[in-house]
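Inside the fold
As a plain string of letters, each chain reads:
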Amino acid sequence: MQLVRTVAALREALLPARRAGQTIGLVPTMGALHEGHRSLIRRAREENDVVVVSLFVNPAQFGPDEDLAAYPRDEQGDADAARAEGADLLFAPPVQEVYPPGFSTTVHVAGVSEPLEGAQRGASHFDGVATVVTKLFNMAQPDVAYFGQKDAQQAAVIRRFARDLDIPVRVQTCPIVREDDGLALSSRNAYLTADERRRALALSRALQAARDAVAAGGRDAAAIAAAAREAMAELDVEPEYVALVDPETFLPMDTIEGDVLVAIAARVGRARLIDNATITVNIDSEVATLR
Ligand code: PAF
């Protein structure tokens, strides 16, 4: 695996593959690679001739009160993980390579970036994500880019701007990876104490409660959300939000039908955690498919 730090070096390294008509898969990350990221790299490895992993803790997507300085950083460990999963290139640029002096462009995605995470973290969060991912798409020009379903709203924002801006990339979302007890993997789980780790199960239990409510015939979004909130209260966790939304637009649903995304965020100790599940309700057959 080759380590490159500049856009010029990345393009030079990719040129032979591009000329040979080979496919390029990109896995954008902010490092602190865990099994969730590794599953994305494995998927990219299975599906592409060349795999690029980017490693960049993007200051533009952190709010003033967020954990930029404390965000876990371990470039050597990340390089080892990317290599072990078969990445060909690790692109780890310094901040000034991505945001050189005079940088003044922002990609803003209206609509889907505004509720939930956009409302909680401020508009600058998804502006920062959309801007850096647009840049990464232009830097690496991948055929396919891989993102985790855990950040469902982020994936929807990226799908939206890639379509709107005619960026020739397939945005592939991959399943959430969980611990055996259901906790979704996240770099921020590293902040949890033993007691907080136990209480962090509130999110996956709430999703299970929402599934159970739908399986029992519930179709009213407010009632399903209330069941999820109750499950969280049992572990003494107060959600920032429990929302049932359309998985593409993130508009709220009142009565659920078709695909619905149940999205949850909560602070547990110093960690801000998010999780989600998609439930498909086929109104004709009254069958709910849960995933
Ligand atoms: O999901 C992440 O790790 C980041 O938001 C991303 C997509 C790498 C952009 O900085």
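Above this text sits the structure in question.
Residues numbered from 1 in each chain as written. Predicted model: local features only at pLDDT ≥ 70, side-chain atom pairs only at ≥ 80, totals over all residues. Heavy atoms only, no water.

**Considerations on the sheet that holds strand β6 (residues 170-174)**
- One open sheet accounts for 6 strands, arranged β1-β4-β3-β2-β5-β6; its pairing is parallel. Strands at the two margins of the open sheet, each flanked by one partner only, are β1 (2-4) and β6. Here the strands of the sheet are splayed against their neighbours by 25° on average, with no regard to which way each runs.
- Taken together, the 3 bridges between strand β3 (residues 50-55) and strand β4 (residues 89-91) define a ladder with parallel strand orientation. Considered in β4, the bridge of Val-52 is made with Leu-89.
- In the packing of helix α1 (residues 7-19) onto the sheet, contacts are made with β1, β2 (24-29), β3 and β4, and the angle to β4 comes to roughly 155°.
- Helix-sheet contacts for helix α6 (residues 123-140) involve β2, β3, β4, β5 (144-148) and β6, and the interaxial angle to β2 is about 150°. (Pairing = 2+ DSSP bridges. Helix = DSSP H or I, 4+ residues; strand = E, 2+ residues; numbered from the N terminus. Axes fitted to C-alpha atoms, helices over the stretch in contact; angles between N-to-C directions. Contact = heavy atoms within 4.5 Å.)

**Examining the packing of α6 against helix α7 (residues 152-164)**
- The contact between α6 and α7 brings their axes to 10 Å, and the two run at 55°. Considering the angle they form, α6 stands oblique to α7. Of the two elements, α6 crosses α7, and the hand of that crossing is right-handed. The residues of α7 that touch α6, namely those facing Phe-126, Val-129, Ala-130, Val-133, Thr-134 and Phe-137, are Gln-153, Gln-154, Val-157, Ile-158 and Phe-161.
- Here the residues of the contact of α6 with α7 sort into 8 nonpolar, 3 polar and no charged. (Parallel < 35°, antiparallel > 145°, perpendicular 65-115°, else oblique. Left-handed = near helix turned anticlockwise from the far one by under 90°. Nonpolar A, V, L, I, M, F, W, Y, C, P; charged D, E, K, R; others polar.)

Shape descriptors only; they carry no functional weight alone.
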